[in-house]
Amino acid sequence: MKAIGFRQSLPITETDSFIEFDTDKPVPSGRQLLVKIAAASVNPVDYKVRRNSAKDQPLPVPKIIGWDAYGTVAAVGDAASLFQPGDAVYYAGDIRKPGSNAEYQLVDERIVGRAPQRLSPAAAAAIPLTALTAWELLFDRMGIGERDKGKTILIIGGAGGVGSIAIQLAKKIAGLHVIATASRPESAEWCRKMGADVVVDHTNLVEAVRAAGFQNVDFIVDLVDLIRYWEPMAELIVPQGRIGSISDPAEGVDIRKLKGKSVSFHWELMFTRASFETPDMQAQHDILTKVAALLDEGTLLPTLTETLQGLNAANFKKAHQQLESGRTIGKIVVQY
């Protein structure tokens, strides 16, 4: 099969930052599915892994990354029971395993969902990682539920992939009053399209939120930079509020800032369930099933903003360059 990968962690502008190569098509076993991929989206985790996996010396075998895919089940392992060949599926995968930047991929059926029927392959491929991350953060980690309807949530980084889904879930499923951050007119407009009630500039976050009429907020989600926003979050959160984050701080923060208000802090990493094969690993299958239904009925809006045509190194270079700029809105997908 054809695959796109890298042997060295190089700047994306370098010729060999991505290479095209042929490798053996894998064979499924156990609960694995072999999926023929039709489209894959890119996420910040992609370029973080590309930058850091082979900094010291070249890899003996090119590394295939990519953690979002739409495709068709080509074969199933002997213990698989949730899917059969021919099923259209979507998933984010397992960071420990070869990724979706290839013609075929093995993936455990417990983290796979049936694809939305009304979305194009590209639009469906844009959803899994961001939907799983947002859903797990809001509902599994922070425990937002029926009793919280009408409360306020501040989503820092509303126009990105996770933010685009988090706004929708917070507004349409949890019934929260959503404040999202954006610093450009086009990203602010996108946040409103996703359902944000209020959009504020994150440059001076405390001032912006209070100028919008909110002295404090019940929940805060950081999707950008925990260190940069730690002090503003500690000031804006209500006593006994909840803060959640997906960012990767290079250094620690002073968790004691939250003690006086008895504020709880929640990490979310979408790969935890697959990486540790937790007893509730199949929850991701269930979440993707629910999200597909919400997309098909029109409750959730797709977040695709750009589609690149063709499984080749040039397209993944272009996608990574755009992501690394930090100015993308929604999701970029490579359609095979």
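Look up a bit, the structure's there.
Since the model is a prediction, treat every value here as computed from it, not as a measurement.

K.L.:
Give me the lowdown on helix α5 (residues 185-194), citing residues and values where you can.
P.N.:
Along α5, the residues classified as buried are Ser-187, Ala-188, Trp-190, Cys-191 and Met-194. Buried residues along α5 cover an arc of 155 degrees about the axis, so they all sit on one side. Opposite its buried face, α5 presents the exposed residues Pro-185, Glu-189, Arg-192 and Lys-193, each directed more than 90 degrees away. Lining the buried residues of α5 we find α4 (161-173), β9 (177-181), β10 (198-200) and β14 (304-309). Phi turns positive, to about 120 degrees, at Gly-195, one or two residues after α5.

K.L.:
Describe the pairing of strand β11 (residues 217-222), with residues and values.
P.N.:
Taken across its six residues, β11 has five buried, putting it largely inside the fold. Direction of pairing for strand β8 (residues 152-156) relative to β11: parallel, over a ladder of four bridges. By the bridge assignment, Ile-155 is partnered in β11 with Val-221. Inspection of the sheet shows β11 paired to strand β12 (residues 237-245) by five bridges, in the parallel sense. Note that in β12 the partner of Asp-222 across the bridge is Ser-245. Regarding topology, helix α7 (residues 226-236) serves as the crossover connection from β11 to the parallel β12, and that connection is right-handed.

K.L.:
I'd like a description of the nonpolar core, backed by residues and values.
P.N.:
Across soluble globular proteins, nonpolar side chains have a tendency to be buried as a group. Judged by nonpolar contacts, the single largest core of 74 residues is most densely connected at Ile-144, Ile-153 and Val-291. Top element by residues in this core is helix α3 (residues 128-141). It accounts for eight residues. Setting aside residues no more than four positions away along its own chain, Val-291 makes contact with Tyr-90, Ile-127, Ala-131, Trp-135 and Leu-300. In terms of nonpolar packing, the next biggest core, distinct from the first, is built from 22 residues, Val-198, Val-200, Leu-226 and Leu-236 among them.

K.L.:
I'd like a rundown of the pattern of salt bridges, residues and numbers included.
P.N.:
Under the definition given, this model contains 25 salt bridges. Arg-96 serves as the salt-bridge partner of Asp-94, at 2.7 Å between the closest nitrogen and oxygen. Using a relative accessible area of 42% as the deciding quantity, one classes Arg-96 as partly exposed. For Glu-136, the salt bridge identified is with Arg-273, shortest N-O distance 2.9 Å.

K.L.:
So what's going on with the side chain of Gln-284? Which residues, and what values?
P.N.:
Positionally, Gln-284 belongs in helix α9 (residues 283-296). Only 2.9 Å separates the side chain of Gln-284 from the backbone oxygen of Met-270, close enough to count as a polar contact. In this view, Gln-284 contacts Arg-110, Ile-111, Leu-132, Glu-136, Met-270 and Arg-273; residues no more than four positions away in its chain are not counted.

K.L.:
Explain the packing of aromatic side chains to me, using residue names and the numbers behind them.
P.N.:
This model, assessed by the stated rule, comprises six aromatic pairs. Between the aromatic rings of Trp-230 and Phe-265, the centroid separation amounts to 5.7 Å while the plane-to-plane angle is 70 degrees, which identifies the pairing as edge-to-face. Placement of the pair is Trp-230 in helix α7 and Phe-265 in strand β13 (residues 264-267), with a sequence separation of 35 residues. Looking at Trp-230, the relative accessible area reads 3%, which means it is buried. Look at Phe-265 and Trp-267: their rings are 5.1 Å apart centre to centre, the planes differ by 90 degrees, and that puts the pair in the edge-to-face class. The side chain of Lys-25 reaches across the aromatic face of Tyr-104, ending 4.7 Å from its centre.

K.L.:
I'd love a proper account of the sheet that holds β8, names of residues and values included.
P.N.:
Taken in spatial order, the six strands line up as β10-β9-β8-β11-β12-β13 in an open sheet, and their pairing is parallel. Every interior strand has two partners, whereas the edge strands, β10 and β13, have only one. Across the sheet, the axes of successive neighbouring strands diverge by a mean angle of 20 degrees, strand direction being ignored. In this fold α3 packs onto β8, β11, β12 and β13, with an angle of close to 145 degrees to the strand it touches most, β13.

K.L.:
So what about the side chain of Arg-184? Which residues, and what values?
P.N.:
Turning to its location among the elements, Arg-184 is positioned in the loop between β9 and α5. Within polar-contact distance, the side chain of Arg-184 engages the backbone oxygen of Arg-327 at 2.9 Å. Other than its neighbours up to four places away in sequence, Arg-184 contacts Arg-327 and Ile-329.

K.L.:
I'd like to hear about the packing of α4 against α5, residue by residue, with values.
P.N.:
It is the contact of α4 with α5, at a shortest axis distance of 8 Å, that shows an interaxial angle of 35 degrees. Crossing handedness for the pair α4 and α5: right-handed. Of the residues in α5, those touching α4 at Ser-164, Ile-167, Gln-168 and Lys-172 are Trp-190, Cys-191 and Met-194. Its residues placed into classes, the contact of α4 with α5 shows four nonpolar, two polar and one charged.

Rules of the game
- Residues numbered from 1 in each chain as written.
- Predicted model: local features only at pLDDT ≥ 70, side-chain atom pairs only at ≥ 80, totals over all residues.
- Heavy atoms only, no water.
- Buried < 20%, exposed > 50% of the residue type's maximum accessible area, 1.4 Å probe, protein only.
- Helix = DSSP H or I, 4+ residues; strand = E, 2+ residues; numbered from the N terminus.
- Arc of directions from axis to C-beta.
- Contact = heavy atoms within 4.5 Å.
- Pairing = 2+ DSSP bridges.
- Right-handed = clockwise from strand over helix to strand, strands pointing away.
- Core = buried A, V, L, I, M, F, W, Y, C linked by side-chain atoms within 4.5 Å.
- Salt bridge = Lys/Arg side-chain N within 4 Å of Asp/Glu carboxyl O.
- Polar contact = N/O pair within 3.5 Å; in protein donor to acceptor, adjacent residues only side chain to side chain.
- Phe/Tyr/Trp six-rings, centres within 6.5 Å; stacked < 30°, edge-to-face > 60°.
- Lys NZ or Arg CZ within 6 Å of the ring centre and 35° of its normal.
- Axes fitted to C-alpha atoms, helices over the stretch in contact; angles between N-to-C directions.
- Left-handed = near helix turned anticlockwise from the far one by under 90°.
- Nonpolar A, V, L, I, M, F, W, Y, C, P; charged D, E, K, R; others polar.

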